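One-letter residues, chain by chain:
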Amino acid sequence: MKKSLRNKIIVLLIGFVVIMNLVSISMNYNNFVTSNKQFSYSTASTVANTCSLILDVDKLGTYVNSGRRDSAYYEMWNKLLDYKNTNEEIEELSVVWFDEDGGHYIFDTNLTSDGAFLGDKKDFDSKQLEQKEKLIQGSEVGFLVYQGRLDVYRPVLSSYNIPIGYVIVGISTHGAEKEQHAYLLNLILITCLLSLILLTGLAFLFSRSVIRPINLLSEAAAHYVDTWNVNTKESSLSQLTIETGDEIEQLFVSVKKMESDLLNISDSLSIATWNSEHDSMTQLYNKRYLDEWIEKHNHEFEIGAIYFDVDNLKKMNDICGHESGDRVIRKTAQFIQKHQPRNGISFRIGGDEFLMLIPNEPERFIKNLTEIMKEDPETYLSEPEDEVKCRIAIGYAHGMASADMNDVIEAADQKMYLDKQSHR
């Protein structure tokens, strides 16, 4: 009878360890692959965002329409070339606009015989054909995955928020794929080795001193969700102590380590989600989150929109440097946050463009708030010693629930432009 029970326990333990290993390998490998993809996307996004700052968006439209290059064109081109040459992982860096015929280059940093010049045409590939309408409209595409490469498409908008084209950054994923294969192989070998050692030891130690801690561990795992405390991040597993000095204790330590790793991964995903919805410089919500918010709440309630634009920011960057320009951007965000009501939500939707949406407030409230902000001396952002003077231009609009939020935002943008013109 004892032999039969022992064999049953051994079979159960073997099955348990195999299942746990499969789950652990799958989760660890998938997390590793996901981290690599996120890193590649983050790298490409950072490059695309940086290159977007290099471009003079108003001149891009001129190049598209005229097909003629000037000295400023070559300056931007050389900056893009320098940036690509300092990043070995970048396989492609170009600026392209799309129409029904395909893509048309504005800039291309490929200096080989396959490179392209201003106006050169490029047919849609199979991946681009799936996103053809978005590419033609200048909408958010995100990224396209090719064999050994990930391309991030960052829309380029004029100062009037009109789509011009895309900054396309291609990042090589060959190295990441090799790392993934090596990681999977090592993960399988290490897991199998540890499992073999653990099962060999357990075959000789099934007694009262072994079964009891296993039962305790099983009970803690069975009631994990019921005993989980969200605030303290404690559970029956974290409160349990097993000190047998053998593989059972190692199993317990490994399970707790896995719990810690999963919690860390959960925290990392929360941070990644926060970063994907916010502008890193100002901590305000970004354009991506604005689009999601409008899609979710459009026609849900009356809405007030206040549009902000930093006048002379480009001149500030060119003359005083990007550090001064960044300081002005941060001061603008602080100004907006200072005046934002509790039910308001603010976004940075462009290099120098900001937006505040205020739901469920009458038009007089929006108008009064706008007047208060316009009278605030902090709308003048420059320091006394700055050669360039920057000011926040402000415009508002209001719409009932039946109005489309995008139309309300557009109306606020137009009023902001009038405010900007009135101070020139």
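Figured I'd write up the structure that's included with this text. (Residues numbered from 1 in each chain as written. Predicted model: local features only at pLDDT ≥ 70, side-chain atom pairs only at ≥ 80, totals over all residues. Heavy atoms only, no water.)

The next point concerns the overall build of the protein. Of the regular secondary structure elements, the protein holds 15 helices and eleven strands. Considering the protein as a whole, with its 424 residues, one finds that 40% of them fall into the buried category. Counting contacts in the protein only where the partners sit at least 6 residues apart, residues at least 24 apart contribute 62% of the total. Carbon and sulfur atoms make up 54% of the accessible area of the protein, which amounts to about 24,000 Å² in all. (Helix = DSSP H or I, 4+ residues; strand = E, 2+ residues; numbered from the N terminus. Buried < 20%, exposed > 50% of the residue type's maximum accessible area, 1.4 Å probe, protein only. Contact = heavy atoms within 4.5 Å. Areas by Shrake-Rupley, 256 points an atom, 1.4 Å probe, with all protein chains shown as cover.)

Below, the discussion takes up the nonpolar core. Ranked by internal contacts, the top residues of the largest apolar core, which has 26 residues, are Leu55, Leu60, Val95, Phe107, Val167 and Val169. Within the residue set of this core, elements represented by two or more residues are helix H1 (2-54), helix H2 (57-66), helix H3 (71-85), strand E1 (90-99), strand E2 (102-108), strand E5 (149-157) and strand E6 (163-172). By residue number, the principal contributor to this core is H3, which donates six residues. Beyond its immediate chain neighbours, meaning those up to four positions away, Leu55 contacts Leu60, Met76, Leu80, Val95, Phe107, Val156 and Val167. One finds Leu284, Leu313, Met316 and Met356 within the second-largest nonpolar core, a separate group that totals 23 residues. (Core = buried A, V, L, I, M, F, W, Y, C linked by side-chain atoms within 4.5 Å.)

What follows concerns the pairing of strand E4 (residues 142-146). Across five bridges, E4 lies against E5 in antiparallel orientation. Its bridge partner lying in E5, Phe143 is registered against Val152. Hairpin geometry of E4 and E5 is characterised by an intervening segment of two residues between the two adjacent antiparallel strands and by a positive phi of about 80° at Gly148. (Pairing = 2+ DSSP bridges.)

This part takes up the packing of aromatic side chains. In this description, a pair of aromatic rings is defined by centroid distance and the angle of the planes. Summed over the entire model, instances satisfying the criterion amount to 14 aromatic pairs. With a centroid separation of 5.8 Å and an interplanar angle of 15°, the aromatic rings of Phe98 and Phe124 are classed as stacked. In this pair, Phe98 sits in strand E1 while Phe124 sits in the loop between strand E3 (121-122) and helix H4 (126-130), placing the two residues 26 residues apart along the sequence. For Phe124, a relative accessible area of 14% translates into the label buried. Aromatic side chains Trp293 and Phe301 sit 6.0 Å apart centroid to centroid with 45° between the ring planes, which places their arrangement in the tilted category. (Phe/Tyr/Trp six-rings, centres within 6.5 Å; stacked < 30°, edge-to-face > 60°.)

When the terminal C-alpha atoms of helix H14 (residues 363-375) are compared, their 19 Å separation across 13 residues agrees well with the 18 Å that a helix rising 1.5 Å per residue should span. Within the span of H14, buried status applies to Ile366, Leu369, Thr370 and Met373. Buried residues of H14 fall within an arc of 100° about the axis and therefore sit on the same side. Facing away from the buried side of H14, by more than 90 degrees, are the exposed residues Arg364 and Glu375. Packing partners of the buried residues in H14 comprise strand E8 (303-311), helix H13 (322-339), strand E10 (353-359) and strand E11 (391-399). (Expected span 1.5 Å × (residues − 1). Arc of directions from axis to C-beta.)

Moving on, we come to the pairing of E10. Extensive coverage of E10 is indicated by the burial of seven of its seven residues. Where E8 meets E10, seven bridges bridge the pair, whose relative direction is antiparallel. Considered in E10, the bridge of Gly304 is made with Ile358. Pairing of strand E9 (residues 345-348) with E10 involves four bridges; the strand directions are antiparallel. In the strand pairing of E10, Ile345 is matched with Leu357. Hairpin connection of E9 to E10: four residues between the antiparallel strands.

This paragraph deals with the layout of surface pockets. Of the voids in this model, the second largest pocket is the one considered here, and its volume is about 730 Å³. Around the second largest pocket, the lining is made up of 25 residues, and of these Asn21, Ser24, Thr191, Leu194 and Ser254 lie nearest the centre. Contributions of two or more residues to the lining of the second largest pocket are made by H1, helix H6 (174-202) and helix H10 (247-277). The element best represented in the lining of the second largest pocket is H10, accounting for ten residues. Tallied by class, the residues present in the lining of the second largest pocket amount to 14 nonpolar, eight polar and three charged. (1 Å grid on protein atoms, 1.4 Å probe; cavity = no way out; pocket = protein on both sides within 12 Å on 5 of 7 lines; lining within 4 Å. Points joined across faces, edges and corners; volume = space filled by probe spheres on them. Nonpolar A, V, L, I, M, F, W, Y, C, P; charged D, E, K, R; others polar.)

With that settled, consider the pattern of salt bridges. Taken as a whole and assessed by the stated rule, the structure comprises 17 salt bridges. The shortest N-O distance in the salt bridge between Asp151 and Arg149 comes to 2.6 Å. By relative accessible area, Asp151 is classed as buried at 2%. For Lys338, the salt bridge is made with Glu378, and the minimal N-O distance between the two is 3.1 Å. In this pair, Lys338 is assigned in helix H13 and Glu378 in the loop between H14 and E11, connecting sequence segments 40 residues apart. Accessibility expressed as a relative area gives 42% for Glu378, which makes it partly exposed. Each member of the salt-bridge network shares a partner with another, and the members are Asp56, Lys314 and Asp318. (Salt bridge = Lys/Arg side-chain N within 4 Å of Asp/Glu carboxyl O.)

Here the focus is the side chain of Thr332. Along the polypeptide, Thr332 turns up in helix H13. Among the polar contacts made by the side chain of Thr332, one reaches the main-chain carbonyl oxygen of Val328 at a distance of 2.8 Å. Residues in contact with Thr332, not counting those within four places in the same chain, are Val310, Phe354, Leu381 and Ile392. (Polar contact = N/O pair within 3.5 Å; in protein donor to acceptor, adjacent residues only side chain to side chain.)

Everything listed here is a matter of coordinates, which is why it stays silent on function.
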